[in-house]
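Read off the chains here:
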Amino acid sequence: MQPAYQLIYDKLFEHYGPQSWWPAETPFEMMIGSILVQNTNWRNVDKALIKLGPYFEPEIIDHFPIEDLAQLIRSSGFYNIKAKRIKAFMEWFRQYDYDTKRIKAINNTELRKALINIHGIGKETADVMLVYAFEKPIFVVDAYARRIFYRLGYNMPTSYDGFRKLVEKELPEELTLYNEFHALLVEHAKQFCRSKPICKECPLLDICDQRLELK
DNA sequence: ATCCTGGTTC
DNA sequence: GAACCAGGAT
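A brief look at the structure comes next. (Residues numbered from 1 in each chain as written. Chains lettered and ligands numbered in written order. Predicted model: local features only at pLDDT ≥ 70, side-chain atom pairs only at ≥ 80, totals over all residues. Heavy atoms only, no water.)

1. Side note on the overall build of chain A
Condition: Only DSSP runs of H or I with at least four residues qualify as helices, and only runs of E with at least two residues qualify as strands; both kinds are numbered from the N terminus onward. The globule rule used for comparison is 2.2 Å times the number of residues to the exponent 0.38, while the radius of gyration itself is calculated over C-alpha atoms. Buried, partly exposed and exposed residues are distinguished by accessible area as a fraction of the type maximum, computed with a 1.4 Å probe on protein chains only: under 20%, between the cut-offs, and over 50%, respectively.
When its secondary structure is counted, chain A shows 12 helices and 0 strands. The order of α-helices and β-strands along chain A, N terminus first, is α-α-α-α-α-α-α-α-α-α-α-α. Compactness check: chain A gives a C-alpha radius of gyration of 18 Å against a globular reference of 17 Å for 215 residues, within 12% of the reference. Across its three principal axes, chain A shows a C-alpha extent of roughly 55 × 35 × 30 Å. Within chain A, the proportion of its 215 residues that are buried is 46%.

Now the structure itself:
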């Protein structure tokens, strides 16, 4: 029998097509974006990224005054903490001469630990970086994945890693699959599975518990 | 004009 | 369990 998670993926992929994430020019931009997008939507992050544009070099960001950095990223919300988080990340990134290739050589589990160890980077942000900057196959657990799986009727673990491992257990270790899966879940949460869901014409309706509650 | 959404730290 | 914030929805 076909694993349920694979089925969800297939249906989402069929409906939305390939997402080809992350929307960033470089791994560095991707990683900064992942810190900025904590607790906000991409709109707000994009504005911040545009303001950062003229200074978007690791060396410059690393040595930028933190107050000025905070002002530039204001639109992303929580700008004071996020400025600190970016600084903490830069300190770590500097140790590798801002060279993503060098970091990529670190094995999966060690790198995940190292990222989580950076102040301001938790499991979700670490995993997003692992998938989209370092090309490691990992399932990203976020508020959208939790909401969608919950509504579908799955009894998922509350813990981050419990949730993640349960999904990973049934899926092949393919980067593209995990890259697309997270992107597809985000897209689906925005288009149909919002806080106030639009169930009519939902591509997952036939496998969703919610359909039973529709009039 | 108030309410809601969204990760991590302390 | 509170604190950190802007921007969109209601």
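2. A look at unusual backbone geometry
With an omega dihedral of 0°, the bond running from Trp21 to Trp22 counts as a cis peptide bond. The phi dihedral of Tyr98 is positive, around 55°, even though this residue is not glycine. Looking at the element boundaries, Tyr98 is found in the loop between helix 6 (79-94) and helix 7 (100-104). At Glu201, a position not held by glycine, the phi torsion is positive, near 70°. Tracing the backbone through its elements, the reader meets Glu201 in the segment after helix 12 (175-191).

3. Some words on the pattern of salt bridges
Going by this rule: What counts as a salt bridge is simple: a side-chain nitrogen of Lys or Arg found within 4 Å of a carboxyl oxygen of Asp or Glu.
Under the criterion given, the structure shown has 10 salt bridges. The closest approach of N and O atoms between Lys11 and Asp206, which form a salt bridge, is 3.0 Å. Residue Lys11 is found in helix 1 (residues 4-16), and its partner Asp206 is found in the segment after helix 12; the two are separated by 195 residues along the sequence. Note on Asp206: relative accessible area 49%, which makes it partly exposed. Linking Arg112 and Asp127 is a salt bridge whose minimum nitrogen-to-oxygen distance equals 2.7 Å. Pair noted here: Arg112 is in helix 8 (residues 108-117) and Asp127 is in helix 9 (residues 123-132), with a separation of 15 residues, a long-range link. Residue classification places Arg112 among the buried positions, given a relative accessible area of 11%. Classification of Asp127 by relative accessible area gives buried; the value is 0%. Salt bridges sharing common partners tie together Arg112, Lys123, Asp127, Asp161, Arg164 and Glu168.

Everything listed here is a matter of geometry and, on its own, says nothing about what the molecule does.
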